[in-house]
Every structure is written in structure tokens, then in C-alpha cells.
Amino acid sequence: MSETKDVLILAIESSCDETAAAVVKNGREVLSNVISSQIALHTLYGGVVPEIASRKHIEKINQVIEEALKEAEVTLDDIDAIGVTYGPGLVGALLVGVAEAKAIAYAKKKPLVGVHHIEGHVSANYIEHPDLEPPFLCEIISGGHTHLVIVKDYGSFEILGRTRDDAAGEAFDKVANDYGKYEIIGHTRDDAAGEAFDKVARAIGLGYPGGPKIDKLAKEGNPHAIDFPRAHMEDAPYDFSFSGVKSAVLNHLNKCRMTGEPIVEADIAASFQQAVVDVLVDNAIRAAKDYHMDRLAIAGGVASNGALRAAMEAACEKEGIRFYRPSPIFCTDNAAMIGVAAYYEYRKGTRHGWDLNAVPNLKLGER
Ligand code: KG4
Ligand code: ZN
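Owing to the predicted nature of the structure, the values given are computational and were not obtained by experimental measurement. (Residues numbered from 1 in each chain as written. Chains lettered and ligands numbered in written order. Predicted model: local features only at pLDDT ≥ 70, side-chain atom pairs only at ≥ 80, totals over all residues. Heavy atoms only, no water.)

Asker: Tell me what's going on with the overall build of the protein chain, and back it up with residues and numbers.
Answerer: In terms of helices and strands, the protein chain carries 12 helices and 10 strands. Its C-alpha atoms give the protein chain a radius of gyration of 20 Å, near enough to 21 Å, the size a compact globule of 367 residues would have. Overall, the protein chain is about 70 × 45 × 35 Å in size when its C-alpha atoms are taken along their principal axes. The buried share of the protein chain, taken over its 367 residues, is 58%. Counting only contacts in the protein chain whose residues sit at least 6 apart along the sequence, the fraction spanning at least 24 positions is 73%. When the accessible surface of the protein chain is split by element, carbon and sulfur atoms take 50% of a total near 15,200 Å². Of the charged side chains in the protein chain, 38 are positive and 53 negative; the average position of the first set lies 2 Å away from that of the second. (Helix = DSSP H or I, 4+ residues; strand = E, 2+ residues; numbered from the N terminus. Rg over C-alpha atoms; globule rule 2.2 N^0.38 Å. Buried < 20%, exposed > 50% of the residue type's maximum accessible area, 1.4 Å probe, protein only. Contact = heavy atoms within 4.5 Å. Areas by Shrake-Rupley, 256 points an atom, 1.4 Å probe, with all protein chains shown as cover. Lys, Arg positive; Asp, Glu negative; His and termini not counted. Charge placed at Lys NZ, Arg CZ, Asp CG, Glu CD.)

Structure (C-alpha cells):
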């Protein structure tokens, strides 16, 4: 192995409700990708309960890492660097991964590379697309963030649009009303696309996690049954706001309850999803044209949505834009994507010290 100078990264991800570890070779080849999901546990509470997430991470992390090394058929001695998500995310959850990575790096005298979670999501696209290299346009659509960025170089971004935090109060109020003392999803002040999926799913009684459940139910509904709003901001044409469409769904439900009109969950799911997909596709295609980008990638949990993938693919084909998307398993949280991002950071010389801390609200592009 050593004569070809392969670089092996052990990556750790624990920013939300998945405890994950992976071994990635030369930034593109995933030797193992182990994910221990806590979804079943959090479903009982209707959303991610941060303290439970942290406790579960600490319980699982060693065995997840052990499995990742075993599956990759390597030992810690073969590893060149430890990559770990240090933000954004739930602080207690992040701390488990960061402390673990530091302990391994310290004990084994390996370099430590802290990774931005969103940079990880973007990097998921490199795994299955060996031809993809910056620059390209990327729309990152996850539970806590919606960003439209130009990936100028590995780990270097120009942000064109993002979710605004004018929905912050509303988002927090909703969460507080529904769940008393718990801060659900916790790592955002915006109403991101994934968050809207989760809230609408809860409102129509589908439970957590909302995205995949709406994706499935929407297949049985009419996407044109209800005309939910598509928000476009005049002053910031690539920004996103999903609080309006979420409120429109809640209003629709209230109206039905008051007038006795039947509530057709599948139609609501399909129409809501269509409204979100339309905005995501419109903004991305408009940005691609305005910035003369001929390659567009999507990333993040919502990028696994079937309707979005189909609509974006069709729109890209129509416009002559090359479309990239990770397989669904690399869209939702995983450590392979962190390993890819860590590799490119490692090559650039990024090294974190023993003082690396979790940064719950780490901004894209910050170190
Ligand atoms: O990227 P991710 O796994 O975690 C964060 O970094 O936030 O994204 C999770 C989000 C959740 O809001 C979840 O409901 C949404 O992605 N999601 C989906 C689908 N699968 C996951 N949304 C729509 N359709 C899906 N199939
Ligand atoms: Zn994520």
C-alpha cells in the first residue's frame, strides 16, 4: 500500500442523530461506511432529542469505528489522518465525535482534520462521480440548511443564496409549542427545506422523520391538488424561505377542520412537495444560467427526495446542464462524505490542534 502513497482517512460523523464512521482512500474511494441510525429511538419523541442523541453516540461510537476499520480491512496504524465533523450540529452530539477523534489522533500520533458538515455534504458528490471537480454549482438541502453555492475549489465556496432567518421566531415557536422543553433538530435558525418537510409531516400526522414519509405518501397524491405558495425574494433572488409554504399547509389543515372539508393527506404531501421542489429547481437553474455554470450538483438529506431528483434531472437536461447527485445513502448523514472532505483539507495542509472544539453554528467557509 505504501509504495503508491495512498492516503487513508478515518472519518467520524456525529452531528445529529447518526453515529457514523468510514474509511476513505485517496478522497474518492469508500472502503467502508458504517452508520448507526438513532431514527427509531427519536421517532418515539417526534423529533431529535439532543441529549438522547449525545448519549447514544457515546454508547455506539467505538463499535461503529471498530466496524468501519474491520470492513475496510485496515487498522489504525494504516490510517494517515483522522477527519471529524466539528460543526454545525447539535453541540453535545458533535462533542462525542470530536473528543473521540482527538483521543485517537493523540494516542496514535495522527494528524487531526476538523470538517465542516456542509462541506461534507457537498463532497459526497465526489464519491460516485470521478469526473466531477470544482468549479460547479451545488445546492445543499438538508435538515438545518439550504444553501446555493459555487464550489470554487475543494473546500472553497461562494455563497449565492441560503435560507433566511426571518422564519426563526416562527420555527422556534412551533417547536416549543409542540415539544415543550426540547429543541428539535436544534442546529438551525432558518426554516430549511428539510425542516419544512419534517414539520409538515408532523402536522399531517406522519411523524418523524418527515422527509422520507412525505416522499412516499406524495406518490399517491396529486401534486396540483392544492396551490401552495412558492416564495421568491426580489432582493435576494437565490435565497430560500420555506416558512410560508409550511404555514400555508397548516392554514389549509385548519380550514378543512373548520369547514368539514375532507383532509386528503396524500394530496397535501404531494402539493407541498411540489411547491418545495419547484423553488429548489427554479433557484438552482436560474443561478446556473446567471453564473454560466454548466454543472449542477445537489447534496444533503432532501437531495434523496425522488421528486426533486427527477425534476432537477429533467430541468438540467432541458437546459444542457450536467446534473450530479449522490446515491441516497450518501445524501443523508454519513461519515464517507466527511472522509472525502477531510482528504481534500488534509491535502491543502489543514490540521487542527488538541484544542479543536465543537462549533454548533459553524458557518460555511469558516475555519
Ligand atoms: O442532511 P441530513 O441527513 O441532516 C442534516 O444535516 O440536517 O438531512 C436530514 C433532512 C431531514 O429534514 C429529513 O426529513 C430530510 O433530510 N430528508 C428528506 C428525505 N430524506 C431525508 N426530505 C425529503 N425527501 C426525502 N426522501
Ligand atoms: Zn447533514
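More follows now that the structure is in view.
Asker: Account for the coordination of the zinc ion (ligand 2), naming residues and giving values.
Answerer: Working reference: metal with six octahedral donors, ideal angles 90 or 180 degrees; metal with four tetrahedral donors, ideal angle 109.5 degrees. In the first shell of the zinc ion (ligand 2), the protein supplies His117 (NE2), His121 (NE2) and Asp333 (OD), at 2.0 to 2.1 Å from the metal. For the zinc ion (ligand 2), all donor residues lie on one chain, and their spacing in sequence is H-x3-H-x211-D. Of the two residues, His117 sits in helix 4 (residues 117-128) while Asp333 sits in the loop between helix 11 (328-331) and helix 12 (336-348), which places them 216 residues apart along the sequence. Grouping residues by exposure puts His117 and Asp333 together as buried. (Donors = N, O, S within 2.8 Å, 3.2 Å for Na, K, Ca; no water.)

Asker: Give me the sheet that holds strand 4 (residues 81-87): which residues, what numbers.
Answerer: Ordered in space as 3-2-1-4-5, the five strands form an open sheet in which the pairing is mixed. Only two strands of the sheet have a single neighbouring strand rather than two, namely strand 3 (29-37) and strand 5 (112-116). Strand after strand, the sheet turns through a mean of 20° between neighbouring axes, direction not considered. Contacts between helix 2 (residues 50-72) and the sheet are confined to strand 1 (8-13), strand 2 (18-25) and strand 3, with strand 2 contributing the most and set at about 25° to the helix. Sitting on the sheet, helix 4 touches strand 1, strand 3, strand 4 and strand 5, and the angle it makes with strand 5 is about 95°. (Pairing = 2+ DSSP bridges. Axes fitted to C-alpha atoms, helices over the stretch in contact; angles between N-to-C directions.)

Asker: So, the environment of Ile321: which residues are in play, and what are the values?
Answerer: With respect to the helices and strands, Ile321 occurs in the loop between helix 10 (306-319) and strand 10 (322-324). When its relative accessible area of 10% is taken as the criterion, Ile321 is described as buried. Through-space distance from the C-alpha of Ile321 to that of Ala270 is 26 Å; in sequence the pair is 51 residues apart. Excluding anything up to four places from it in sequence, Ile321 contacts Ile285, Ala288, Met293, Asp294, Arg295, Leu296 and Cys316.

Asker: Tell me about unusual backbone geometry, residues and numbers included.
Answerer: Most peptide bonds adopt trans geometry, and most residues besides glycine take a negative phi value. Cis peptide bonds are those with omega within 30 degrees of zero, and the linkage from Gly87 to Pro88 qualifies with -10°. Structurally, Pro88 can be placed in the loop between strand 4 and helix 3 (91-108). Residue Pro209 is reached from Tyr208 by a cis peptide bond, and omega for that bond is -10°. Locating Pro209 in the fold gives a position in the loop between helix 6 (193-203) and helix 7 (210-218). With a phi close to 60°, Glu73 is a non-glycine residue in the positive phi region. Among the structural elements, Glu73 can be located in the loop between helix 2 and strand 4. For Glu73, a relative accessible area of 72% puts it in the exposed group.

Asker: Tell me what's going on with the packing of helix 6 against helix 9 (residues 265-290), and back it up with residues and numbers.
Answerer: Packing of helix 6 against helix 9 brings their axes to within 11 Å, and their N-to-C directions diverge by 170°. Classified by the angle their axes make, helix 6 and helix 9 are roughly antiparallel. On the side of helix 6, the interface is formed by Ala193, Ala196, Phe197 and Val200, while helix 9 contributes Phe272, Gln273 and Val276. Looking at side-chain class alone, the contact of helix 6 with helix 9 contains six nonpolar, one polar and no charged residues. (Parallel < 35°, antiparallel > 145°, perpendicular 65-115°, else oblique. Nonpolar A, V, L, I, M, F, W, Y, C, P; charged D, E, K, R; others polar.)

Asker: Would you mind going over the sheet that holds strand 10 in detail, with residue names and values included?
Answerer: Reading across the sheet, the five strands line up as 8-7-6-9-10 and stay open at both edges, with mixed pairing between neighbours. The sheet is open, and its two borders are formed by strand 8 (156-162) and strand 10, each paired with just one other strand. Strand after strand, the sheet turns through a mean of 25° between neighbouring axes, direction not considered. Examined bridge by bridge, strand 7 (residues 146-153) and strand 8 share six bridges and lie antiparallel to one another. For Val149, the partnering residue across the bridge sits in strand 8 and is Ile159. Taken strand by strand, helix 10 contacts strand 6 (136-141), strand 9 (295-299) and strand 10, and its axis lies near 175° from that of strand 9.

Asker: Please give an account of the nonpolar core that cites residues and values.
Answerer: Leu137, Phe228, Phe242, Phe272 and Met312 are the most contacted members of the largest nonpolar core, which totals 50 residues. At the level of elements, strand 6, strand 7, helix 6, helix 7, helix 8 (243-259), helix 9, strand 9 and helix 10 are the ones that each hand at least two residues to this core. If you tally residues by element for this core, the top one is helix 9, at 15 residues. Filtering out sequence-adjacent residues up to four positions away, Leu137 remains in contact with Leu148, Val149, Ile150, Leu160, Ala284, Ala287, Ala288, Met293, Arg295, Leu296 and Ala297. Grouped together as the second largest cluster of nonpolar side chains are 37 residues, Ala22, Ile127, Tyr154 and Tyr346 included. (Core = buried A, V, L, I, M, F, W, Y, C linked by side-chain atoms within 4.5 Å.)

Asker: Can you tell me about the pattern of salt bridges, naming the residues and giving the values?
Answerer: Between side chains of opposite charge, pairing is possible as soon as their charged atoms come close. All chains considered together, the criterion is met by 13 salt bridges. For Asp6, the salt bridge is made with Lys25, and the minimal N-O distance between the two is 3.8 Å. Taken together, the positions of Asp6 in the segment before strand 1 and Lys25 in strand 2 put the pair 19 residues apart, joining distant regions of the chain. Two residues, Glu59 and Lys56, come together in a salt bridge whose shortest N-O distance is 3.0 Å. You can see Glu59 and its partner Lys56 sitting in helix 2, three residues apart, about one turn around the helix. Beyond isolated ion pairs, a larger network of salt bridges with shared partners links Asp227, Arg230 and Asp278. (Salt bridge = Lys/Arg side-chain N within 4 Å of Asp/Glu carboxyl O.)

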